[in-house]
Amino acid sequence: MPPRYFSWDPDGRANLAGAPVSGLASAFGTPLYLYDEADLTERIATYVQAFGAENVALAGKAFLTGRLLQLAQEAGLGLDVVSEGELEFALRLGFPAERIIMHGLYKPLSALRTAARQGVGFVVVESPGEVAEVVDVARQEKVKVPVLLRLAPAVDVHTHPSLATGAPASQFGVPIADGQALETVRRLIAAEDAIAFKGYHMHVGSQISTLDPFVSGAAAVGDFVRTVFSETGHWPEVLDLGGGLGITSESPAPSALREAYEVALAGSLSNGPMPRLMSEPGRFIVSPPGVTIYHIVQRKTAADGRTYLIVDGGMSDGPRPALYGAKPDVAVSPRRDGEEIVDIAGMHCESGDIVRRDVTVTRAEVGDLLIVFDTGAYNHSMASHYNRVPVPPVVFVKDGVARPATRRDNLSDWLRLEVR
Ligand SMILES: Cc1ncc(COP(=O)(O)O)c(C=O)c1O
């Protein structure tokens, strides 16, 4: 879907948030990541209305720049981080530690120490073996670290296998059915002199466009809460139910998600007060406001007769088609009369570097711009230097004013990493 404030000028040229896309492309070069800032803040507001700002932790893995952190902070959101790098980046840019939720299958001891010293909101334990590590660090640092336990809800989600993080075969979380989760809870409760065991986390997967998987996941968590209560008397203060809300036209709204969670949990949680329900949206908030702009640099005909448009970036700045088979909507600017069916290839030396196959676009010429929609999530954050192609800059646009958020990296940046 295009950003909310995307439009076509009467002369057929694309306009984003009051600024001509061609002007932005000239000013900042291409490839270029553009974000419609008002769309993004409105999407934050929709989520906040459903869950309350203090219960929304933006998934930093989807997109993480200083400007986004500033907008998130202004809206009162939290942040979910999955690595020491994301943690340090957010802290260094002044994001409040107490609003950070720290995930990760691997949390180096140095990251756990930082989390304890800085006072992060929650550390999420992902594996039984992590309990002892978190407890040791909490004791050494003399900080009662607030802990959530990530459960593996064993819910099969109909999404790309790489995005089904709550499925039975997933490496994430601690399984419930075989007793591992209960055993881990006992260890956490036994360590309550050192840590504060606050509740549970789950994340069933990503790009989910029906309520069922969220409901099944929440119901599994609710049943587990009841089991733990009857076995140990422990009642959670917090249930962090992860992210994953899709962005198709059929995807439920955040308010429907919140209601579905409450309904799914109501039966099993009748023994105590409803815990604080948290959510960790990534794609829902940052994907639709973001577009990637390329120049069309060549057109050619393949041996089988198909027409290729070649653009000046590709899988290094937009890895999702190659990684997940994503098929983003695209448009050519300026819009001319007439249409054609083309394949759009990136510039990388890799046959998998295809932006879209067999897609209908308005008649394109070399020098035109290609706009790829819905690239605000998992593109800049997953960008690489493959083929030594620079990572494009990020520019936020609002009311016709462009605000650069990151610059394009360059040869000097790479050479600085060389050890000679
Ligand atoms: C733990 C966790 N929370 C939140 C998210 C965000 O998911 P999405 O961008 O689909 O909302 C992810 C993504 O994989 C995740 O692993």
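Just so we're clear, the structure is a prediction, and the values are computed from it rather than from any experiment. (Residues numbered from 1 in each chain as written. Predicted model: local features only at pLDDT ≥ 70, side-chain atom pairs only at ≥ 80, totals over all residues.)

**Some remarks on the overall build of the protein**
1) Next: A count of helical and extended segments in the protein gives twelve helices and 21 strands.
2) Next: Here the protein has a C-alpha radius of gyration of 23 Å; the compact-globule value for 420 residues is 22 Å, and the two agree.
3) Next: In the protein, once contacts between residues fewer than 6 apart in sequence are set aside, the share between residues at least 24 apart is 71%. (Helix = DSSP H or I, 4+ residues; strand = E, 2+ residues; numbered from the N terminus. Rg over C-alpha atoms; globule rule 2.2 N^0.38 Å. Contact = placed C-beta atoms within 7 Å.)

**A look at the sheet that holds strand 1 (residues 6-8)**
1) Next: Ordered by their spatial adjacency, three strands build an open sheet running 1-2-3, and the pairing between neighbours is antiparallel. Lying at the two open borders of the sheet, with one neighbouring strand each, are strand 1 and strand 3 (19-20). (Pairing = 2+ DSSP bridges.)

**Structural notes on the pairing of strand 8 (residues 122-125)**
1) Next: Taking every second residue as pointing to the same face, both faces of strand 8 are buried, with Phe-122 and Val-124 on one and Val-123 and Val-125 on the other.
2) Next: By the bridge criterion, two bridges tie strand 7 (residues 100-102) to strand 8 in an arrangement that is parallel. Bridging from a neighbouring strand, Met-102 pairs with Val-123 of strand 8.
3) Next: The parallel pair strand 7 and strand 8 is bridged by helix 5 (residues 109-118), and the resulting crossover is right-handed.
4) Next: Of the strand pairs in this sheet, strand 8 and strand 9 (residues 145-152) are connected by three bridges, and their pairing is parallel. Bridge assignment links Val-124 to a residue of strand 9, and that residue is Leu-148.
5) Next: In the classification by handedness, the crossover that spans strand 8, the intervening helix 6 (residues 130-141) and the parallel strand 9 is right-handed. (Buried ≥ 20, exposed ≤ 12 C-beta atoms within 10 Å, placed from the backbone. Right-handed = clockwise from strand over helix to strand, strands pointing away.)

**Section: the site of the ligand**
1) Next: Taken together, 18 residues form the shell around the ligand, and within it Ala-59, Ser-206, Gly-243, Gly-282 and Arg-283 come nearest.
2) Next: Residues of the shell around the ligand, tallied by class, amount to six nonpolar, eight polar and four charged. (Near = placed C-beta within 6 Å. Nonpolar A, V, L, I, M, F, W, Y, C, P; charged D, E, K, R; others polar.)

**Considering helix 8 (residues 212-232)**
1) Next: The terminal C-alpha atoms of helix 8 lie 30 Å apart, and with 21 residues this matches the ideal 30 Å at 1.5 Å per residue to within 8%.
2) Next: Residues of helix 8 that are buried include every one of Pro-213, Phe-214, Gly-217, Ala-218, Ala-220, Val-221, Gly-222, Phe-224, Val-225 and Val-228, and no others.
3) Next: In this structure, the buried residues of helix 8 make contact with strand 9, helix 7 (180-190), strand 11 (195-201), strand 12 (238-240) and helix 9 (254-266).
4) Next: Remark: Gly-233 follows helix 8 within two positions and exhibits a positive phi of approximately 85 degrees. (Expected span 1.5 Å × (residues − 1).)

**What about helix 4 (residues 84-92)?**
1) Next: Of the residues making up helix 4, those classed as buried are Glu-86, Leu-87 and Ala-90. Down the axis of helix 4, the sector holding all buried residues measures 100 degrees, keeping them to one side. Away from the buried face of helix 4 by more than 90 degrees, exposed residues Gly-85 and Arg-92 are located.
2) Next: Among the residues trailing helix 4, Gly-94 stands out with phi positive, at a value near 90 degrees. (Arc of directions from axis to C-beta.)

**Here we look at the packing of helix 5 against helix 6**
1) Next: Where helix 5 meets helix 6, the closest approach of the two axes is 9 Å, and the angle between their N-to-C directions is 50 degrees. If you check the angle between helix 5 and helix 6, you find them oblique. For the crossing formed where helix 5 meets helix 6, the hand is right-handed. Contact residues: helix 5 offers Leu-109, Leu-112, Arg-113, Ala-116 and Arg-117, while helix 6 offers Glu-133, Val-134, Val-137, Ala-138 and Glu-141.
2) Next: Partitioned by chemical class, the residues of the contact of helix 5 with helix 6 number six nonpolar, no polar and four charged. (Axes fitted to C-alpha atoms, helices over the stretch in contact; angles between N-to-C directions. Parallel < 35°, antiparallel > 145°, perpendicular 65-115°, else oblique. Left-handed = near helix turned anticlockwise from the far one by under 90°.)

**A short note on unusual backbone geometry**
1) Next: Here the bond from Thr-30 into Pro-31 is cis, since omega is -5 degrees, no more than 30 degrees from zero.
2) Next: Structurally, the position occupied by Pro-31 is in the loop between helix 1 (21-28) and strand 4 (32-36).
3) Next: The amide bond that connects Ser-333 to the next residue, Pro-334, takes the cis arrangement and shows omega of 5 degrees.
4) Next: Along the chain, the position of Pro-334 falls in the loop between strand 16 (330-333) and strand 17 (339-345).

**Examining the domain arrangement of the protein**
1) Next: Considered domain by domain, the protein is made up of domain 1 (6-36 + 289-416) and domain 2 (57-280).
2) Next: Just the C-alpha atoms count here: the centres of domain 1 and domain 2 sit 34 Å apart.
3) Next: Tallying the contact residues gives 13 residues for domain 1 and eleven residues for domain 2.
4) Next: Those elements that place two or more of their residues in the side of domain 1 that touches domain 2 are strand 20 (394-398) and strand 21 (401-406).
5) Next: Looking at the side of domain 1 that touches domain 2, the element that brings in the most residues is strand 21, giving three residues.
6) Next: The residue inventory of the side of domain 1 that touches domain 2, partitioned by class, reads six nonpolar, five polar and two charged. (Domains from an automatic or database assignment.)

**Focus: the pairing of strand 9**
Regular strands place side chains that alternate from one sheet face to the opposite one.
1) Next: With eight of eight residues buried, strand 9 lies mostly within the body of the structure.
2) Next: Burial of strand 9 is two-sided: the residues Val-145, Val-147, Leu-149 and Leu-151 facing one way and the residues Pro-146, Leu-148, Arg-150 and Ala-152 facing the other way are all buried.
3) Next: Pairing between strand 9 and strand 11: six bridges, direction parallel. Paired with Leu-148 across the two strands is Gly-199, which belongs to strand 11.

**Describing the packing of helix 4 against helix 5**
1) Next: Packing of helix 4 against helix 5 leaves a shortest axis separation of 10 Å and a crossing angle of 35 degrees. The way helix 4 lies across helix 5 gives a crossing that is left-handed. Between helix 4 and helix 5, the contacting residues are Glu-84, Leu-87, Glu-88 and Leu-91 on the first element and Ser-110, Ala-111, Thr-114, Ala-115 and Gln-118 on the second.
2) Next: Residues belonging to the contact of helix 4 with helix 5 are distributed by class as follows: four nonpolar, three polar and two charged.

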